[in-house]
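Chain by chain, the residues run as shown.
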Amino acid sequence: MLRRLLQRSPIISVRGGWGCGKTSGIVLCLLVNARMHPDQSSLLIVDTADRYRSVHHPELEKWVCAEEFSSRWTWHSTDRKWEAPNGHIIWVRSYFRPSTRSSSHNPLEGLNISSGLVVIDEAQTMSQEVATKAIGRVRTGQPCMIICGLPVQPSWWVDMAEGAGCSPLFYTSH
């Protein structure tokens, strides 16, 4: 994931089993991107706020509290964002849109993602709409989208990457 982020692959599609390291890879990519793009922003999208709180937030805390990052990152729970010492913001959003609401009413409205990095995790629980809406929030000429999910069929994020000429990454839990 990190190699492809550094190469600025437009779509990094990951389909992997439980425990294969998707969340750790996501966090590493977000932190490296933050270091490379001070005073800019990136976006982490998960399916539910509960999953963020129980899976992603503890992993982010573990990494940003490591000696290399000197615990200077700040979590702003009201705004649902991490702020790096260099001014980079990682916006965190859960993507759930009731079927009674139009797609123009989604939790990504109003965000401007200036570093170009959008990360979507648990893609198997969402439709491709999330990727379409997320890329619309990018405010740079070099967007990069990391989309991760479990090994299920169909895998819209794998199809999306292949359609864009990007080879998907496949990992097992072994």
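Because the structure is a prediction, the values reported are computed rather than measured.

Take helix α3 (residues 49–64) next. At H56, α3 shows its strongest bend, of approximately 35 degrees, with the proline P58 following within four residues. Within the span of α3, buried status applies to Y52, H56, H57, E59, L60 and V64. Buried residues along α3 sit against α2 (22–36), β2 (41–46), β3 (74–76), β4 (81–83) and β5 (89–94).

All right, on to the side chain of S42 then. The residue S42 is located in strand β2 in this model. In this structure the side chain of S42 is engaged in a polar contact, spanning 3.0 Å, whose partner is the side chain of H88. Apart from the residues lying within four places of it in its own chain, the contact partners of S42 are L30, N33, H88, I89, I90, W91, I113, S115 and L117.

Attention now moves to the pairing of β5. Judged by how many residues are buried, β5 sits mostly within the fold: five of six residues are covered. Across three bridges, β4 lies against β5 in antiparallel orientation. Note that in β5 the partner of K81 across the bridge is W91.

The contact between α2 and α3 brings their axes to 10 Å, and the two run at 50 degrees. Relative to α3, the element α2 is oriented oblique. Our pair here, α2 against α3, has a crossing hand that is right-handed. Facing α2, whose interface residues are T23, S24, V27, L28 and L31, α3 presents V55, H56, E59, L60, W63 and V64. Of the residues in the contact of α2 with α3, the class split is seven nonpolar, three polar and one charged.

Turning next to the nonpolar core. Formed by 26 residues in total, the largest nonpolar core has its most connected members in M1, I12, L44, W73, W82 and I146. Where this core is concerned, the elements lending two or more residues are β1 (11–16), α2, β2, α3, β5, β6 (117–120) and β7 (144–149). Discounting residues that sit within four places of it in the chain, W82 has contacts with Y52, H57, L60, E61, V64, W73, T74, W75, H88, I89, I90 and V92. Membership of the second largest hydrophobic core comes to 23 residues, among which are I113, V118, I120 and A161.

Once that is clear, we can look at the pattern of salt bridges. Counted by the stated rule, this structure contains four salt bridges. With a shortest N-O distance of 3.9 Å, E122 and R51 are connected by a salt bridge. One end of the pair, E122, is in the loop between β6 and α4 (129–135); the other, R51, is in helix α3, with 71 residues separating them in the sequence. Judged by its relative accessible area of 13%, E122 is buried. Taken together, the shared-partner salt bridges connect D47, R51 and E122 into one network.

Here we take up the sheet that holds β5. With respect to topology, eight strands assemble into an open sheet ordered β3-β4-β5-β2-β6-β7-β1-β8, the strand pairing being mixed. Of all the strands in the sheet, just β3 and β8 (169–171) have a single pairing partner and so form its edges. Across the sheet, the mean angle from the axis of one strand to that of its neighbour is 15 degrees, orientation sign disregarded.

This part is about α2. In an α-helix, one turn spans 3.6 residues; hence positions three or four apart end up facing the same way. With 15 residues, α2 extends 21 Å between its outermost C-alpha atoms, agreeing within 8% with the 21 Å of an ideal straight helix rising 1.5 Å per residue. Among all positions of α2, only K22, T23, G25, I26, V27, C29, L30, L31, N33 and A34 are buried.

Rules and cut-offs
Residues numbered from 1 in each chain as written. Predicted model: local features only at pLDDT ≥ 70, side-chain atom pairs only at ≥ 80, totals over all residues. Heavy atoms only, no water. Bend = angle between axes of the 7 residues up to and from the residue. Helix = DSSP H or I, 4+ residues; strand = E, 2+ residues; numbered from the N terminus. Buried < 20%, exposed > 50% of the residue type's maximum accessible area, 1.4 Å probe, protein only. Contact = heavy atoms within 4.5 Å. Polar contact = N/O pair within 3.5 Å; in protein donor to acceptor, adjacent residues only side chain to side chain. Pairing = 2+ DSSP bridges. Axes fitted to C-alpha atoms, helices over the stretch in contact; angles between N-to-C directions. Parallel < 35°, antiparallel > 145°, perpendicular 65-115°, else oblique. Left-handed = near helix turned anticlockwise from the far one by under 90°. Nonpolar A, V, L, I, M, F, W, Y, C, P; charged D, E, K, R; others polar. Core = buried A, V, L, I, M, F, W, Y, C linked by side-chain atoms within 4.5 Å. Salt bridge = Lys/Arg side-chain N within 4 Å of Asp/Glu carboxyl O. Expected span 1.5 Å × (residues − 1).

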